[in-house]
Amino acid sequence: MVINMNKENIVEFRDVSIAYPLKKFTLQAVTNASLPLKKGMITALVGESGSGKTTLASSLIQCISEPGKVVGGDIVFNDNGNEIFINKLKDKELRKFRWEKVSMVFQAAQSALNPVMKVKDHFIETMNQHGMKKVTMEEKEAKIKKLLNFVKLDVDRVMDSYPHELSGGMKQRVMIAFALLLDPEVIILDEPTTALDVITQYFIFTLLKKINKEMGISMLLMTHDISVVAKFADYVAVMYGGRIMEYGDVHYIFKNRYHPYTRGLIGATPSILGSTKDIEAIEGNPPNLLDLPKGCIFNPRCKYCQKICQEQEPESLSIDNMSKGKCHFYKEI
Amino acid sequence: MENTAPLMSLKKVNMYFKKPGSVLKDSNIHVLRDIDLDIYPGEIVALVGESGCGKTTLGKIITGLYRPTKGDIFFNGENVSGLFNKKINSFNQVQFIQQDGYAALNPVRTIYQSLYAPIKTHNKKLKKAEIDKKIDELMNLVGLIPAEQFLIKYPHQLSGGQRQRILMARAISLEPKLIVADEPVSMIDVSLRLSLLNLMKDLNKKLNMSFVYISHDLSTTRYIAESGRVVVMYLGEIIETGKIGDVIANPRHPYTRALIQAVPIPDPDYKANEDLPLKSMELGNIEHRHIGCGFCNRCPYFEDICTQKVNYVHTETSDVLCNNLNKVPTGAVYKTYNK
Ligand SMILES: Nc1ncnc2c1ncn2[C@@H]1O[C@H](COP(=O)(O)OP(=O)(O)OP(=O)(O)O)[C@@H](O)[C@H]1O
Ligand SMILES: Nc1ncnc2c1ncn2[C@@H]1O[C@H](COP(=O)(O)OP(=O)(O)OP(=O)(O)O)[C@@H](O)[C@H]1O
Ligand SMILES: [Mg+2]
Ligand SMILES: [Mg+2]
């Protein structure tokens, strides 16, 4: 089946499933997930801890943690109108693709740096690996300084520091700068600001939004901070137990909360405003991926659960129809 | 609180680090400046402040992982500055939950092994079956269910938030008197975050365990430490401290005001006041800190005196390190919230 890519999309996850085959069992962390990343937009991926966000996002640069594998579907990149099937790339092509087209700020950013290398050497090494060996050291340093300055770091000290000499948030900012090094078209940001205070976070997102608008860079943002999503994202996808439950623009999602899980998630978000009484945690526990409930996997925790929900799993969202919502009673509750 | 003795007291604690790439002593970086802090039994203290201002360093000093360059530390009234590390840590009375959950677990040990070993060392008499039962309970407490599925895994096989919960389980397994938790729930969804914070609250009540909670998430902090204390740091100093509810409702230090105004609101239609009360978009620089008030170069209420000296002022709601409180606005920083 030939599906032509929607021109507005820079990336399409089409019906992607990802599994971790372990010794005693195989854990399916992502199941039939479809998700577009719109060009020049910030798409946020939200959902519980362990819902498969990192797993899905890392398939875009084929960096799924061992022994994870894509077991179904395609991840397609729109390279000026040509479709690149990322999951079919050869190693050599993939190495070029990574960082040059798509870069990622890993959730483990704080330990992604090599402990025995100075900050600047991380940058220089990657530049050298990507055909910039001939560029003079001065030019390279100028570029590094520009990037570190951009993330509000004290450039001279940080360039010459080893990772352990930096605070958690400083390391995170180094990784954000690093992701911008080769002017990628897409940046995956996996919990990029967990170690940043809100002022620094605000400055960095404001600057990221600026590059996002000026250079048309697209972003996939994963965060548990629902307020950050509200403030900076254009589109939101909600994930639960490895499935995409709902997708839409940020106003649509926050205002309507059509999916019961989305409703619970946003309802559990504390705010600095208002009373401390009116928030509620979602009852129950995250689904056991090895023993999923029959029917809709959210049904044991759903306030609106009906008979059909315990029998039949609602259809998954597909890349051609992202607006339906994975719920038997979508828009009805 | 004032009539009980503090569990831990820091007196004029200072910390210097070697400047990267330099061997000269006088170019050392002064990361903590004259920190005075008392932590009472059963108290929750939220520690907030700009990235790089010294929170983790302070946390490591409290838990004996770093020895301060200058200053004294008292634990239960006893001066432990010199022998701190040995004395406190061997009794497991103080536990540190690291900010970087990835580095804190041994990668070649299963989760089960990482949880089992410290409990066994701490309490040699326990039988394997008893420890197993305890581990199972802990896993339940932190919401990792079914436990067996996670216990056989290695750290890299867990998601970010799952790993953070293992660290929390490990810290509480030893029932310490004080836990310093450095961003313990930053990678956990809000729903679970609340239940873990409630768990901290319960332990705090039941076992009279004290918590120092380092976090950037003021909205959530407000929920656990409603009655607790907040300590705001800026470039190595404590600049404001008071009851958390009071400080959020009426921040007095200009930095605290900017910080609270910058907290994002979980509503895309909320039009925040985008202009933070700051002079520029620069951040504080700990190496080139100004003399006098460290915040003076970013402060809209700055006066010449601020570059010379600054003193603590005791106000109705908090203690504040600022010369110009009469110029700083009072009251809430938020526009009324109309939806
Ligand atoms: N290398 C691995 N081997 C086995 N299982 C794994 C591996 N990596 C992740 N998992 C499991 O896959 C599921 C999804 O993990 P993932 O890291 O994608 O979650 P996440 O949504 O990013 O969570 P968080 O918000 O906590 O970071 C989890 O149950 C996790 O334990
Ligand atoms: N071992 C070290 N050697 C040299 N400098 C260090 C060392 N550890 C920390 N620093 C410096 O001390 C300052 C304070 O670091 P610390 O980790 O305490 O900050 P933090 O408040 O925890 O920040 P964050 O919120 O970003 O984690 C930073 O400027 C950091 O670069
Ligand atoms: Mg993750
Ligand atoms: Mg820190």
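Right above here is the structure, for reference.
In this convention, every chain numbers its residues from 1, walking through the sequence in written order. To label them, take the chains in the order written and letter them from A, then take the ligands in the order written and number them from 1. Per-residue local features are limited, in this predicted model, to residues with pLDDT of at least 70; the limit for side-chain atom pairs, both in listing and counting, is 80 or more; totals at the level of whole chains, interfaces and linings are taken over all residues. With hydrogens and water excluded, all non-hydrogen atoms of the structure serve as input to the side-chain values.

Caption draft 1: Just the overall build of chain B, in detail. Helix and strand definitions here come from DSSP, where helices need a minimum of 4 consecutive H or I residues and strands a minimum of 2 consecutive E residues; each element is numbered from the N-terminal end. When you go through chain B residue by residue, the secondary structure sums to 10 helices and 12 strands. The globule rule used for comparison is 2.2 Å times the number of residues to the exponent 0.38, while the radius of gyration itself is calculated over C-alpha atoms. Taken over the C-alpha trace, chain B has a radius of gyration of 21 Å; the compact-globule value for 339 residues is 20 Å, and the two agree within 12%. Across its three principal axes, chain B shows a C-alpha extent of roughly 65 × 55 × 45 Å. Areas reported here follow the Shrake-Rupley algorithm with a probe of radius 1.4 Å; residue values treat only the protein chains shown as occluding. About 14500 Å² of surface is accessible on chain B, with carbon and sulfur atoms providing 52% of the total.

Caption draft 2: Focus on the coordination of the magnesium ion (ligand 3). Distances up to 2.8 Å from the metal define which N, O and S atoms are donors, and 3.2 Å serves for Na, K and Ca; water is absent from the atom set, so sites may look incomplete. Within the protein, the atoms that donate to the magnesium ion (ligand 3) are Thr54 of chain A (OG1) and Gln107 of chain A (OE1), at distances of 1.9 to 2.2 Å. Pair noted here: Thr54 of chain A is in helix H1 (residues 53-58) and Gln107 of chain A is in the loop between strand S6 (102-105) and helix H3 (109-112), with a separation of 53 residues, a long-range link.

Caption draft 3: Inspection of the interface of chain A and chain B at higher detail. We call two residues in contact when some of their heavy atoms are within 4.5 Å. Contact residues are listed per partner, giving 61 residues for chain A and 66 residues for chain B. Throughout, buried area stands for the accessible area (probe radius 1.4 Å) lost by two parts on being put together, summed over both. Taken together, the two surfaces of chain A and chain B that pack against each other cover about 5700 Å², and 62% of this comes from carbon and sulfur. Within this document, salt bridges are pairs made up of a side-chain nitrogen of Lys or Arg and a carboxyl oxygen of Asp or Glu, the two lying within 4 Å of each other. For Arg157 of chain A, the salt bridge identified is with Glu287 of chain B, shortest N-O distance 3.7 Å. Whenever a nitrogen or oxygen atom comes within 3.5 Å of another N or O atom, the pair is scored as a polar contact, on the condition that within protein one atom can donate a hydrogen and the other can accept it, and that pairs from neighbouring residues in sequence are kept only if both atoms are in side chains. At the boundary of chain A and chain B, one finds 14 residue pairs in polar contact (both at pLDDT 80 or more). Of all the secondary structure elements, the ones that give two or more residues to the side of chain A that touches chain B are H3, helix H7 (168-179), helix H8 (198-214), helix H9 (226-232) and helix H10 (250-256) of chain A. Ranked by the residues each element gives to the side of chain A that touches chain B, the list is headed by H8 of chain A, at 6 residues. Residues are grouped as follows: Ala, Val, Leu, Ile, Met, Phe, Trp, Tyr, Cys and Pro are nonpolar; Asp, Glu, Lys and Arg are charged; all remaining types, including Gly, are polar. Split into classes, the residues belonging to the side of chain A that touches chain B amount to 25 nonpolar, 24 polar and 12 charged.

Caption draft 4: Quick look at the sheet that holds strand S1 (residues 9-21) of chain A. All names here are of chain A. We call two strands paired when DSSP finds no fewer than two bridges between them. An order of S2-S1-S4-S5 is seen for the 4 strands of this open sheet, with the pairing classed as antiparallel. The open sheet terminates on both sides in strands that have one partner only, identified here as strand S2 (26-38) and strand S5 (82-85). Sheet twist, expressed as the mean angle between neighbouring strand axes with direction ignored, is 15°. Relative to S2, S1 runs antiparallel, the two being bridged by 9 bridges. Looking at the pairing, Tyr20 lines up with Leu27 of S2. Interaxial angles span 0 to 180 degrees and are taken between N-to-C directions of axes, which are lines fitted to C-alpha atoms, for helices over the stretch in contact.

Caption draft 5: Main features of the nonpolar core. Residue and element names in this part refer to chain A. The biggest cluster of nonpolar side chains holds 134 residues, and the ones touching the most others in it are Phe123 and Leu148. In terms of residue count, the dominant contributor to this core is H8 (8 residues). When sequence neighbours within four positions are dropped, the list of residues in contact with Leu148 reads Phe123, Leu153, Val155, Val158, Met159, Val174 and Ala177. Note on terminology: a nonpolar core comprises buried Ala, Val, Leu, Ile, Met, Phe, Trp, Tyr and Cys residues joined through side-chain atoms within 4.5 Å. Only protein chains enter the accessibility calculation, which uses a 1.4 Å probe; a residue whose area is less than 20% of its type maximum is buried, one above 50% is exposed, and one in between is partly exposed.

Caption draft 6: View of helix H4 (residues 119-129) of chain A. Every buried residue belonging to H4 of chain A is among Val119, Lys120, His122, Phe123, Ile124, Thr126 and Met127 of chain A, and all of these are buried. In this structure, the buried side of H4 of chain A is in contact with helix H5 (137-150), helix H6 (155-159) and H7 of chain A.

Caption draft 7: Structural context of the pattern of salt bridges. This model, assessed by the stated rule, comprises 29 salt bridges over all chains. Here Asp36 of chain B and Lys12 of chain B are joined by a salt bridge, their closest N and O atoms 3.1 Å apart. Within this pair, whereas Asp36 of chain B is found in strand S2 (residues 29-39), its partner Lys12 of chain B is found in strand S1 (residues 8-17), the two being separated by 24 residues in sequence. With its nearest N and O atoms 2.5 Å apart, the salt bridge here joins Asp217 of chain B to Arg193 of chain B. Taken together, the positions of Asp217 of chain B in the loop between strand S8 (210-214) and helix H8 (218-224) and Arg193 of chain B in helix H7 (residues 190-206) put the pair 24 residues apart, joining distant regions of the chain. Taking the relative accessible area as the measure of exposure, Asp217 of chain B reaches 17% and is therefore buried. The buried category is assigned to Arg193 of chain B, whose relative accessible area is 6%. Ionic contacts of the salt-bridge type, sharing partners, join the residues Lys118, Lys120, Glu141 and Asp160 of chain A into one network.

Caption draft 8: A look at the packing of aromatic side chains. We call Phe, Tyr and Trp rings a pair once their centres come within 6.5 Å, taking the six-membered ring for Trp, and we label the pair stacked below 30 degrees between planes, edge-to-face above 60, and tilted otherwise. Under the defined criterion, the tally for this structure stands at 16 aromatic pairs over all chains. Between Phe123 of chain A and Phe178 of chain A, the ring centres sit 5.3 Å apart and the planes meet at 80°, which makes this aromatic pair edge-to-face. Of this pair, Phe123 of chain A sits in helix H4 while Phe178 of chain A sits in helix H7, placing them 55 residues apart in sequence. Looking at Phe123 of chain A, the relative accessible area reads 0%, which means it is buried. With relative accessibility at 10%, the residue Phe178 of chain A sits in the buried group. Relative to Phe295 of chain B, the ring of Tyr255 of chain B has its centre 5.7 Å away and its plane inclined at 75°; by these criteria the two rings are edge-to-face.

Caption draft 9: Region of interest: the site of ligand 2. We define proximity as follows: a residue is near a molecule or strand when any one of its heavy atoms falls within 4 Å of that partner. Of all residues adjacent to ligand 2, which total 23 residues, the nearest are Glu165 and Ser167 of chain A together with Lys55, Thr56 and Thr57 of chain B. More than one chain lines the surroundings of ligand 2; the residues nearby belong to chains A and B. With respect to ligand 2, the side chain of Arg157 of chain A contributes an N or O atom lying 3.0 Å from an oxygen atom. Lys55 of chain B is positioned with one of its backbone polar atoms (N or O) 2.7 Å from an oxygen atom of ligand 2. When ligand 2 is considered free in solution it has 640 Å² of accessible area, and contact with the protein chains removes 94% of it. Of all the secondary structure elements, the ones that give two or more residues to the shell around ligand 2 are H7 of chain A together with helix H1 (55-62) of chain B.

Caption draft 10: Layout of the site of ligand 1. Around ligand 1, a shell composed of 27 residues is seen, among which Thr54, Thr55, Ser65 and Glu66 of chain A together with Ser159 of chain B lie nearest. For ligand 1, an oxygen atom lies 2.6 Å from a polar atom in the side chain of Thr54 of chain A. Separating an oxygen atom of ligand 1 from a backbone N or O atom of Gly161 of chain B is a distance of 2.9 Å. Computed on the free molecule, ligand 1 has an accessible area of 640 Å², of which 97% lies beneath the protein chains in the complex. Secondary structure elements with two or more residues in the shell around ligand 1: S2 and H1 of chain A together with helix H6 (160-173) of chain B.

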